[in-house]
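Per-entry structural report
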Amino acid sequence: DQQVKQNSPSLSVQEGRISILNCDYTNSMFDYFLWYKKYPAEGPTFLISISSIKDKNEDGRFTVFLNKSAKHLSLHIVPSQPGDSAVYFCAASDLGSGNTGKLIFGQGTTLQVKP
Amino acid sequence: NAGVTQTPKFQVLKTGQSMTLQCAQDMNHEYMSWYRQDPGMGLRLIHYSVGAGITDQGEVPNGYNVSRSTTEDFPLRLLSAAPSQTSVYFCASSTGLPRGETQYFGPGTRLLVL
């Protein structure tokens, strides 16, 4: 059973517009959420995170929103740039994991930003 | 400072063969993990370690063994390779604090089992 789901396998947006990537989770014990970005033939790199005590976290062009009641989070990229074209993974960890680094990942969404 | 390194980058095995995927980090991180990435499945945790001598199973541990004799190295062993183990394998390391941000991934090992 997939505990973290990214239901959109792909997303295409025009350069300069907003990209919105969505993620849903089922485990109410998840208390920390992260987004990773992955280019082909490279490992994922950390992008932004949010704790369950917050509903928004912003870092430059990237903002993550968390709706705990809906068990939903989203990543907004504004404005989108061609260099943002990559696979984006949503990930979560739960209280029981402590600080072990154990993460549960979604399936990923491939973002294409067209010039 | 090389970060997380993985060898080999690519490997072809025949069913039943064994091999070890190597992972090393030079950041003195306590926590290390192995994930596999499959199409439509995202990254799934195979095994992880919270320090030298301590390992535990993740979501998909069957068919894989690990050990952690030093802080730097965390090899993943396939004792008898199966086609279902065809995947891209990522090793990651983390300080564990704060949670999540400091998890660094290696470049991956692409494994094909025939």
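The structure this text deals with has already been given above.
Residues numbered from 1 in each chain as written. Chains lettered and ligands numbered in written order. Predicted model: local features only at pLDDT ≥ 70, side-chain atom pairs only at ≥ 80, totals over all residues. Heavy atoms only, no water.

1. Some words on the overall build of chain A
The condition is simple: Each helix is a run of H or I in the DSSP string that is no shorter than four residues. Each strand is a run of E no shorter than two, and both are numbered from the N terminus. Note on method: radius of gyration uses C-alpha positions; expected globular size equals 2.2 Å times residues raised to 0.38. Each residue gets one of three labels from its accessible area relative to the maximum for its type: buried under 20%, exposed over 50%, partly exposed in between, using a 1.4 Å probe on protein chains only. Residues count as neighbours in contact if any of their non-hydrogen atoms are within 4.5 Å of one another. All accessible-area figures derive from a Shrake-Rupley calculation using a 1.4 Å probe, and residue coverage is judged against the displayed protein chains alone. By the counting scheme adopted, Arg and Lys are positive, Glu and Asp are negative, and His together with the chain ends is not counted. Taken as the charge location is NZ of Lys, CZ of Arg, CG of Asp or CD of Glu.
The secondary structure content of chain A amounts to 0 helices and 11 strands. Reading the helices (α) and strands (β) of chain A from amino to carboxyl end gives β-β-β-β-β-β-β-β-β-β-β. The C-alpha radius of gyration of chain A comes to 14 Å, within 12% of the 13 Å expected for a compact globule of 115 residues. By principal-axis analysis of the C-alpha atoms, chain A measures approximately 45 × 30 × 25 Å. Across the 115 residues of chain A, 48% fall into the buried class. Look at the contacts in chain A between residues 6 or more apart in sequence, and 56% of them connect residues 24 or more apart. As displayed, chain A has an accessible area near 5300 Å², and 49% of this comes from carbon and sulfur atoms. One finds the centroid of the 11 positive side-chain charges in chain A at a distance of 3 Å from the centroid of its 10 negative side-chain charges.

2. Considerations on the pattern of salt bridges
Using the following cut-off: Just to be clear on terms, a salt bridge is a Lys or Arg side-chain nitrogen sitting within 4 Å of an Asp or Glu carboxyl oxygen.
This structure, assessed with the given rule, holds 5 salt bridges over all chains. The closest approach of N and O atoms between Asp-84 of chain A and Arg-61 of chain A, which form a salt bridge, is 2.8 Å. Of this pair, Asp-84 of chain A sits in the loop between strand 8 (72-77) and strand 9 (86-94) while Arg-61 of chain A sits in the loop between strand 6 (56-59) and strand 7 (62-67), and the two are 23 residues apart along the sequence. Classification of Arg-61 of chain A as partly exposed rests on a relative accessible area of 22%. One salt bridge in this structure joins Arg-36 of chain B and Asp-38 of chain B, with 2.8 Å as the shortest N-O distance. Both residues of the pair, Arg-36 of chain B and Asp-38 of chain B, count as buried.

3. Section: the layout of surface pockets
As a reminder of what qualifies: The pocket and cavity definitions rest on a 1 Å grid over protein atoms only: a 1.4 Å probe that fits but cannot leave marks a cavity, an open set with protein on both sides within 12 Å along at least five of seven lines marks a pocket, and residues lining either have an atom within 4 Å of a point. Grid points are joined across faces, edges and corners, and a volume is the space filled by probe spheres set on the points. Under the grouping applied here, Gly and all other residues not named as nonpolar or charged are polar, the nonpolar ones being Ala, Val, Leu, Ile, Met, Phe, Trp, Tyr, Cys and Pro and the charged ones Asp, Glu, Lys and Arg.
Its boundaries defined by the atoms lining it, the largest pocket holds a volume of some 560 Å³. Looking at the largest pocket, it is lined by 30 residues, and the ones nearest its centre are Lys-38 of chain A together with Gln-37, Val-88, Phe-90 and Arg-110 of chain B. Those elements giving two or more residues to the lining of the largest pocket turn out to be strand 9 and strand 11 (109-114) of chain A together with strand 4 (31-38), strand 9 (87-94) and strand 11 (109-113) of chain B. Class assignment of the residues belonging to the lining of the largest pocket gives a composition of 12 nonpolar, 13 polar and 5 charged.

4. Side note on the packing of aromatic side chains
As a reminder of what qualifies: Stacked, tilted and edge-to-face are the three classes assigned to paired rings of Phe, Tyr and Trp, where Trp is represented by its six-membered ring and a pair needs centres within 6.5 Å; plane angles under 30 degrees give stacked, over 60 edge-to-face, the rest tilted. In this scheme, the term charge over a ring applies when either NZ of a lysine or CZ of an arginine sits within 6 Å of the ring centre and within 35 degrees of the ring normal.
Applying the stated criterion to the full structure yields 11 aromatic pairs over all chains. Taking 6.0 Å as the distance between ring centres and 75 degrees as the angle between the ring planes, the aromatic pair formed by Tyr-36 of chain A and Phe-46 of chain A counts as edge-to-face. On the criterion of sequence distance, the pair formed by Tyr-36 of chain A in strand 4 (residues 30-38) and Phe-46 of chain A in strand 5 (residues 45-51) is long-range, its members being 10 residues apart. A connected cluster of aromatic rings, assembled from ring pairs, spans Tyr-36, Phe-46, Phe-89 and Phe-105 of chain A together with Tyr-35 and Phe-105 of chain B. Between the NZ or CZ atom of Arg-68 of chain B and the centre of the ring of Phe-74 of chain B, over which it lies, the distance is 6.0 Å.

None of this, on its own, says anything about what the molecule does.
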